[in-house]
Amino acid sequence: MKDESLWIQDFRHDPRRSGIFLDFDGTISAITPTPGGAVLHPRAAEILPDLARFYPLCVLSGRRVTDVASLVGLAHVHYVGVHGMEWLEGDEPKMDPEVLPHLPSLDRARSELLESLADLPGLVLEDKMLTLTLHFREAPHLEEEAVRLAENLALRLGLRTKRGRMAVELRPPVEIDKGTVIIRLARGWGLRRGLYAGDDLTDVDAFRGLRYLMREGGFEGVAVAVLSPEVPVELEAVADLTVQGPEGLLDLLERLRTE
Ligand SMILES: [Mg+2]
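Asker: What should I look at first to understand the pairing of strand β7 (residues 132–135) in this one?
Answerer: The side chains of a regular strand alternate between both faces of the sheet. Here β7 shows two buried faces, one formed by Leu-132 and Leu-134 and the other by Thr-133 and His-135. With four bridges joining them, strand β6 (residues 124–127) and β7 adopt antiparallel strand pairing. Directly across from Leu-125, in β7, lies its bridge partner Leu-134. Where β6 folds back on β7, the antiparallel hairpin that results is connected by four residues, among which Met-129 adopts a positive phi of roughly 65 degrees. Looking at chain direction, β7 and strand β9 (residues 167–171) are connected through four bridges and run antiparallel. Considered in β9, the bridge of His-135 is made with Ala-167.

Here is the structure:
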């Protein structure tokens, strides 16, 4: 990858064709013990509106799109939720049509999970309608139990599982992830370069999306791992650069301001 000051120059000289893609939790927020507790970092609230005036800016989260949009609360940002399965068009949440046929299986999984959870205190179900995430952050001893539960349901109902940080997710068997979203948006927006910053396993997919575009040619990708004590080694290993927490990322984003 190019020297840091060089790619920053490229972004600043050609912002319209330079996309900025950001995860939310642990990236432009602070991680909290419960999924409900995160807030936008105050410095992000100050820097992002400036960036959004010049760069295509996308916040791409595992949360519901309406949830992440209201947490960030900024205009001129493209919001994508549930790892790419839904997005906002104006104020309207839109679901990827590939997901629709799997909604009945997800409903079934939801009711079975709720029944099982009655006997497993400490496991928390995060229901995003399109995915169901079992969090064992507050009951780490139940990790195996949670994973087995999710895998059995996935097998029986034709769903898939995916590991996250202190969590396991049930999801429809569709090839949609943060990487496919970046590829679609970069093509749609005619981008020549893009930066993605994230802190978790699902962000490895986004890095892979950048690599894919680079292999196609005419595209420069910058994969940024936002470090914390919990950051998975898989993410750090494939990043172009690392920053120390949201503060470090905001220092970097600050340098992309064009004036
Ligand atoms: Mg995150």
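Asker: Honestly, the nonpolar core in this entry has me stumped. Any pointers?
Answerer: In terms of nonpolar packing, the biggest core is built from 37 residues, with Leu-22, Ile-28, Tyr-79, Leu-195, Leu-249, Leu-253 and Leu-256 touching the most fellow members. At five residues, helix α2 (residues 42–54) tops the list of elements feeding residues into this core. Core analysis: the second largest hydrophobic core is formed by 29 residues, Met-85, Leu-123, Leu-130 and Leu-170 among them.

Asker: Sorry if this is basic, but what is going on with the side chain of Asp-199 here?
Answerer: Relative to the helices and strands, Asp-199 resides in the loop between β10 (193–198) and α7 (202–216). Residue class for Asp-199 comes out buried when judged on its relative accessible area of 3%. For Asp-199, the residues in contact, after removing those within four places along its chain, are Asp-23, Asp-25, Gly-26, Thr-27, Arg-165, Val-226, Val-231, Pro-232 and Leu-235.

Asker: Quick question: what am I supposed to make of the packing of α2 against helix α9 (residues 245–254) here?
Answerer: Two numbers describe a pair of packed helices, the interaxial angle and the distance between the axes. The contact between α2 and α9 brings their axes to 10 Å, and the two run at 30 degrees. If you check the angle between α2 and α9, you find them roughly parallel. Like other packed secondary-structure pairs, α2 and α9 cross with a definite hand, here left-handed. Residue-level contacts link Arg-43, Ala-44, Ile-47, Leu-48 and Leu-51 of α2 to Glu-247, Leu-250, Asp-251, Leu-253 and Glu-254 of α9. A breakdown of the residues in the contact of α2 with α9 according to their chemical character gives six nonpolar, no polar and four charged.

Asker: How should the domain arrangement of the protein be read in this particular structure?
Answerer: It is common to give the size of an interface as the accessible area lost on bringing the parts into contact. Annotation of the protein at the domain level lists domain 1 (4–96 + 176–254) and domain 2 (100–171). Of note, the centres of domain 1 and domain 2, computed from C-alpha atoms alone, are 26 Å apart. The interface of domain 1 with domain 2 comprises 23 residues on the first partner and 16 residues on the second. Between domain 1 and domain 2, roughly 1,600 Å² of surface is buried when both sides are summed, and carbon and sulfur atoms account for 55% of that area. In terms of surface lost to domain 2, no three residues of domain 1 exceed Arg-64, Met-95 and Glu-230, which account for 29% of the buried area on that side. Joining domain 1 to domain 2, the criterion identifies two salt bridges. Inspection of the domain 1/domain 2 interface yields five residue pairs in polar contact (both at pLDDT 80 or more). Along the lines of polarity and charge, the residues of the side of domain 1 that touches domain 2 split into ten nonpolar, five polar and eight charged.

Reading guide: rules and limits
- Residues numbered from 1 in each chain as written.
- Predicted model: local features only at pLDDT ≥ 70, side-chain atom pairs only at ≥ 80, totals over all residues.
- Heavy atoms only, no water.
- Buried < 20%, exposed > 50% of the residue type's maximum accessible area, 1.4 Å probe, protein only.
- Helix = DSSP H or I, 4+ residues; strand = E, 2+ residues; numbered from the N terminus.
- Pairing = 2+ DSSP bridges.
- Core = buried A, V, L, I, M, F, W, Y, C linked by side-chain atoms within 4.5 Å.
- Contact = heavy atoms within 4.5 Å.
- Axes fitted to C-alpha atoms, helices over the stretch in contact; angles between N-to-C directions.
- Parallel < 35°, antiparallel > 145°, perpendicular 65-115°, else oblique.
- Left-handed = near helix turned anticlockwise from the far one by under 90°.
- Nonpolar A, V, L, I, M, F, W, Y, C, P; charged D, E, K, R; others polar.
- Domains from an automatic or database assignment.
- Buried area = accessible area lost by both parts, 1.4 Å probe.
- Salt bridge = Lys/Arg side-chain N within 4 Å of Asp/Glu carboxyl O.
- Polar contact = N/O pair within 3.5 Å; in protein donor to acceptor, adjacent residues only side chain to side chain.

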